[in-house]
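An overview of the molecular structure
Okay, here's what each chain looks like letter by letter:
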Amino acid sequence: MIEAIQFKLNDKPVSIETDGERTLLWVLRVDLGLTGTKYGCGESHCGACTVVMNGDAVRSCALPVKDVKGKEVITIEGLEKNGTLHPLQKAFIEHNAFQCGFCTSGMIMNAYSLLLKNLKPTDAQIIEGMDNNLCRCGSHIRAIEAIKTAALEIRGEKKI
C-alpha cells in the first residue's frame with residue numbers, strides 16, 4: 001500500500017510516497033540516491049546496511065520504511081558537516097581501518113551509535129558493540145583503534 005512517510009534524514013525533513021513495506025535500505029539507495037549505505041547479506045547479519053535511527057544502530061535491509069515515520073535517521077552521508085569529516089570517518093582513514101571498504105559505512109554508523117551512548121568505551125565494550133559488523137578483509141583490530149581515536153577526538157583529548 002502506498003503511503004506518505006515523513007521523517008528526518010541527515011538533519012533535513014524528507015517526505016516520500018511509497019509502499020511502506022519496502023525496506024529503508026532501498027528507499028535510501030534508489031529513491032533518495034544515498035548509496036553510502038550498502039547491501040550486504042540482506043538478512044540483518046553483516047551490518048553493511050547499518051544506519052542510525054533515533055540514536056540506535058539499525059539494519060536498514062530489514063527495516064520497513066513505514067517504521068521510520070516521524071523518526072530521525074542518519075546515514076554515512078549525514079556525518080560529514082560543512083565539508084569536514086566526522087572524527088570516526090577521519091580515524092578510520094588514519095588507521096586504515098578498511099581494505100575493500102564495503103563494510104566501512106556500516107561499521108562507522110554502528111560505532112557512531114556506540115559513541116553516542118558511551119564516549120569512553122573499553123576495548124571489550126567496542127568489541128561487543130561491533131561484534132555483528134562483519135569485515136571479510138579482517139580490519140577489525142584497526143577499526144577498534146579507529147573508534148578509540150575518534151572517541152578521544154570527540155572528547156577533545158586528541159586532534160586527528
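Notes on the structure in this doc start here. Predicted, not measured: the structure shown is a model, and the values here were computed from it.

What follows concerns the nonpolar core. Leu-79, Leu-88, Phe-92, Met-107, Met-109, Tyr-112 and Ile-147 are the most contacted members of the largest nonpolar core, which totals 25 residues. Every element with two or more residues in this core is listed here: helix H2 (87-94), helix H3 (104-117), helix H4 (123-130) and helix H5 (140-154). Looking at which element gives the most residues to this core, the answer is H3, with seven residues. Those residues in contact with Leu-88, other than ones at most four positions away along the chain, are Ile-108, Ala-111, Tyr-112, Leu-115, Ile-147 and Ala-150. If you look at the next biggest cluster of nonpolar residues, it comprises 16 residues, including Leu-9, Ile-16, Val-58 and Val-68.

Here Asn-110 lies in helix H3. On the basis of relative accessible area, Asn-110 is assigned to the buried category, the value being 10%.

Moving on, we get to the environment of Phe-7. With respect to the element layout, Phe-7 can be found in strand E1 (residues 2-9). Beyond its immediate chain neighbours, meaning those up to four positions away, Phe-7 contacts Lys-12, Pro-13, Val-14, Ile-16, Leu-24, Leu-32, Val-68, Gly-70, Lys-71 and Val-73.

Quick look at the pattern of salt bridges now. Throughout the structure, instances matching the rule amount to ten salt bridges. Note that Lys-117 is salt-bridged to Asp-56, the shortest N-O span being 2.7 Å. Of this pair, Lys-117 sits in helix H3 while Asp-56 sits in strand E4 (residues 56-59); the two residues are 61 residues apart in sequence, bridging distant segments of the chain. Taking relative accessible area as the criterion, Lys-117 reaches 54% and is therefore assigned exposed. Judged by relative accessible area, which is 37%, Asp-56 ranks as partly exposed. Note that Glu-94 is salt-bridged to Lys-158, the shortest N-O span being 3.8 Å. Placement of the pair is Glu-94 in helix H2 and Lys-158 in the segment after H5, with a sequence separation of 64 residues. Within this structure, Asp-123, Glu-145 and Lys-148 form a network of salt bridges that share partners.

Attention now moves to the packing of H2 against H5. As a packed pair, H2 and H5 sit with axes 8 Å apart at the nearest point and diverge in direction by 135 degrees. Here H5 runs oblique to H2, going by the angle between their axes. The crossing of H2 and H5 is right-handed. Between H2, through Pro-87, Leu-88, Lys-90, Ala-91, Phe-92 and Glu-94, and H5, the contact on the second element is made entirely by Ala-143, Ala-146, Ile-147, Thr-149, Ala-150, Glu-153 and Ile-154. Residue composition of the contact of H2 with H5, grouped by class: nine nonpolar, one polar and three charged.

About the thresholds
Residues numbered from 1 in each chain as written. Predicted model: local features only at pLDDT ≥ 70, side-chain atom pairs only at ≥ 80, totals over all residues. Heavy atoms only, no water. Core = buried A, V, L, I, M, F, W, Y, C linked by side-chain atoms within 4.5 Å. Buried < 20%, exposed > 50% of the residue type's maximum accessible area, 1.4 Å probe, protein only. Helix = DSSP H or I, 4+ residues; strand = E, 2+ residues; numbered from the N terminus. Contact = heavy atoms within 4.5 Å. Salt bridge = Lys/Arg side-chain N within 4 Å of Asp/Glu carboxyl O. Axes fitted to C-alpha atoms, helices over the stretch in contact; angles between N-to-C directions. Parallel < 35°, antiparallel > 145°, perpendicular 65-115°, else oblique. Left-handed = near helix turned anticlockwise from the far one by under 90°. Nonpolar A, V, L, I, M, F, W, Y, C, P; charged D, E, K, R; others polar.

Read these as layout, nothing more, since geometry by itself doesn't imply function.
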